Structures are given as C-alpha cells and as structure tokens.
Amino acid sequence: MGGLTPFTTIDFPGRLSAVFFVQGCPWRCGYCHNPHLQPRATPPALAWPNAMAWLRRRTGLLDGVVFSGGEPTADPALGSAVADVRALGFAVGLHSAGMYPQRLRAVLPLIDWAGLDVKAPLDDPALYDRVTGRSGSAAKVAACVEAIAASSLAHEIRTTIHPDWLDDASLLRLGRDLASRGVRHLVLQIARPAHREMAAVPPGYPAPGTLDSLRPLFERLDIRRD
C-alpha cells in the first residue's frame, strides 16, 4: 500500500472512514495531487498485514474503509483486500478513474459506494487522451460509467474542471452524455493549481447558465471548490 489516512468524514458519504491508498496509476494527469503514487514498482509504504492489524484496532471506531490511489483497480489483489476489510465488518468505498473496466465490474458487488472520476467528455477521445496523457482512455472510462450506472450501487461521478481543458460548452456536452448513460449524481470539482504553470480558475467559471442547464439532468449536482 502507498499509505493511509486514519480518519476522514469526506471521502465516503455518511461514513467515518479510513482511506487506504493503493500504489500505481497508468495515467499522467497534469493536475494529479498524488504523483508519488503513480509508479507501481515503488516499495510499499505499508505492508498489507500491518494495515489489517491497524484496522482491527479501529473496529467500533470507524464505519468504513475507502480504497483510493493511485488507482485501486490497478492492483489485481484488490478483490481479496476488499474481502478482508468486509470480514472485519467495515463498509467499503472505492475511488477509481475507470481504466480497468473488467476489474471494476468484478469488485462492484463487493463494495457499498463508488466515486468515479471522468476527466473529459467521453465522446471526445482526443481531449480525454490529452488530459490523461495516455491513448485509448475514454472508451475504458465509458465502460466503467455504464457498469456503475446500471448497478444499484450508490455513487458519484466527478470531474475536475478547468477552462484550459474544459470550457462551458464541453461541460454541457459532458453532462448530457453522462445523463444519457444513466448517471444520477455528478460532482464538478474546481481544479487547484498543481504547479506554477497552471493558472488559477477565474471567477465565474463555470458560468451560472451552464450550471442551470446541467442541474435538471441529474438527481444531484454538486460543486466542490476546495
């Protein structure tokens, strides 16, 4: 494991949770805030038996565990890790960027909630690849979106937004596409500059009219600015 956060109230809705960070992610998004978790071959910061020993001592104090990263589905042992956590009585949440559809489908019946990152409009593969730094990303994410939307799993689909790669027209296209795929809850996360070359998001983005057009498409639309 790449590390853990021992307590959070914001990473798993309605649960007091810990976050387990899984090492490894094949994408290279320019705004990534956990770039140290991208290399898969980095020695683990915490061995799994030690993580489980720590978690046993939190029984009765925490409600759930979130697997985040990096990219949790990059690890073929994710399913067995989720089973270990559930065996201790904890609910399980998952943060994913959707690059491994088959592994995501396999773990969906084992978890209680999922947060899936959608980086750009799924009907614009070139833009999606520009954001992720890898080719062929949009099709994989689309398969994950559809798998989650078709399930009864509680979820949020979230997009980190910045006018340099998603103008208001692109946001509308993204929202309409996600709604057509059955997404019920969309979160727009205002990008925080990850390096000095990245400009701050200007006031008034996204435009109020854009948000007014998006809200009727979903059961819930949230804006996160922190």
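Since this is a predicted model, take the numbers as computed values, not measurements. (Residues numbered from 1 in each chain as written. Predicted model: local features only at pLDDT ≥ 70, side-chain atom pairs only at ≥ 80, totals over all residues. Heavy atoms only, no water.)

Engineer: Residues and numbers for the overall build of the chain, please.
Structural biologist: Looking only at helices and strands, one finds seven helices and eight strands in the chain. Taking 226 residues into account, the globule formula puts the C-alpha radius of gyration at 17 Å, and the chain, at 17 Å, falls close to it. Its C-alpha atoms give the chain principal-axis dimensions of about 50 × 35 × 30 Å. Across the 226 residues in the chain, those meeting the buried criterion constitute 50%. Within the chain, counting contacts between residues at least 6 apart in sequence, those at least 24 apart form 71% of the total. Charge separation in the chain, taken as the distance between the mean sites of 24 positive and 21 negative side-chain charges, equals 5 Å. (Helix = DSSP H or I, 4+ residues; strand = E, 2+ residues; numbered from the N terminus. Rg over C-alpha atoms; globule rule 2.2 N^0.38 Å. Buried < 20%, exposed > 50% of the residue type's maximum accessible area, 1.4 Å probe, protein only. Contact = heavy atoms within 4.5 Å. Lys, Arg positive; Asp, Glu negative; His and termini not counted. Charge placed at Lys NZ, Arg CZ, Asp CG, Glu CD.)

Engineer: Give me the lowdown on helix H5 (residues 137-150), citing residues and values where you can.
Structural biologist: Counted at 1.5 Å a residue, the expected span for H5 with its 14 residues is 20 Å, and the 20 Å between its end C-alpha atoms agrees. Taken together, the buried positions of H5 are occupied by Ser137, Ala138, Val141, Ala142, Cys144, Val145, Ala147, Ile148 and Ala149. Lining the buried residues of H5 we find helix H3 (101-107), strand S5 (113-117), helix H4 (125-132), strand S6 (154-161) and helix H6 (168-180). (Expected span 1.5 Å × (residues − 1).)

Engineer: Account for the pattern of salt bridges, with residues named and values stated.
Structural biologist: Counted according to the given criterion, the structure contains ten salt bridges. Of the charged contacts in the structure, one is a salt bridge between Asp112 and Arg86, with a shortest N-O distance of 2.7 Å. Remark: Arg86 occurs in helix H2 (residues 78-87) and Asp112 occurs in the loop between H3 and S5; sequence separation between them is 26 residues. A relative accessible area of 27% means that Asp112 is categorised as partly exposed. Judged by relative accessible area, Arg86 falls into the partly exposed class, the value being 37%. Arg173 is the partner of Asp123 in a salt bridge, and the nearest nitrogen-oxygen pair spans 3.1 Å. Note that Asp123 is positioned in the loop between S5 and H4 and Arg173 in helix H6, a separation of 50 residues in sequence. (Salt bridge = Lys/Arg side-chain N within 4 Å of Asp/Glu carboxyl O.)

Engineer: Hey, could you go over the environment of Leu166 for me, with residue numbers and the actual values?
Structural biologist: The residue Leu166 is located in the loop between S6 and H6 in this model. The exposure class of Leu166 is buried, given its relative accessible area of 0%. The sequence separation of Leu166 and Arg103 amounts to 63 residues, and the corresponding C-alpha distance is 29 Å. Other than its neighbours up to four places away in sequence, Leu166 contacts Lys119, Ala120, Pro121, Leu127, Thr159, Thr160, Ile161, Leu171 and Tyr205.

Engineer: Now, about the sheet that holds strand S1 (residues 3-8): what can you tell me, with residues and values included?
Structural biologist: With respect to topology, eight strands assemble into an open sheet ordered S1-S2-S3-S4-S5-S6-S7-S8, the strand pairing being mixed. Among the strands making up the open sheet, the edge pair consists of S1 and strand S8 (220-224). Ignoring which end each strand starts from, the neighbouring axes of this sheet average 20 degrees apart. H5 contacts S5 and S6 of the sheet and is inclined by roughly 150 degrees relative to S5. (Pairing = 2+ DSSP bridges. Axes fitted to C-alpha atoms, helices over the stretch in contact; angles between N-to-C directions.)

Engineer: Any chance you could break down the nonpolar core for me, citing the residues and the numbers?
Structural biologist: Counting residues in hydrophobic clusters, the biggest one holds 64 residues, and the most contacted among them are Phe20, Phe67, Val85, Ile111, Val118 and Leu178. Not counting chain neighbours up to four residues away, the residues in contact with Val118 comprise Tyr128, Val141, Val145, Ile157, Arg158, Thr159, Leu174 and Leu178. (Core = buried A, V, L, I, M, F, W, Y, C linked by side-chain atoms within 4.5 Å.)

Engineer: Describe the pairing of S6, and please don't skip the residues or the numbers.
Structural biologist: Within S6, seven of the eight residues are buried, leaving the element largely enclosed by the surrounding structure. One ladder, built from five bridges, connects S5 with S6; its direction is parallel. Across the sheet, Gly115 pairs through a bridge with Glu156, a residue of S6. Bridge count for S6 against strand S7 (residues 185-190) is five bridges, and the pairing is parallel. The partner of Ile157 across the bridge, within S7, is Leu186. Traced from S6 through H6 to S7, the parallel crossover comes out right-handed. (Right-handed = clockwise from strand over helix to strand, strands pointing away.)

Engineer: Describe in detail the packing of helix H1 (residues 48-56) against H2, supporting the description with residues and values.
Structural biologist: Put simply, H1 and H2 touch, their axes get as near as 11 Å, and they point 20 degrees apart. By the criterion of interaxial angle, the relationship of H1 to H2 is roughly parallel. Judged by the twist between their axes, the crossing of H1 over H2 is right-handed. Side by side, H1 and H2 meet where Trp48, Met52 and Leu55 of the first sit next to Ala81, Asp84 and Val85 of the second. (Parallel < 35°, antiparallel > 145°, perpendicular 65-115°, else oblique. Left-handed = near helix turned anticlockwise from the far one by under 90°.)

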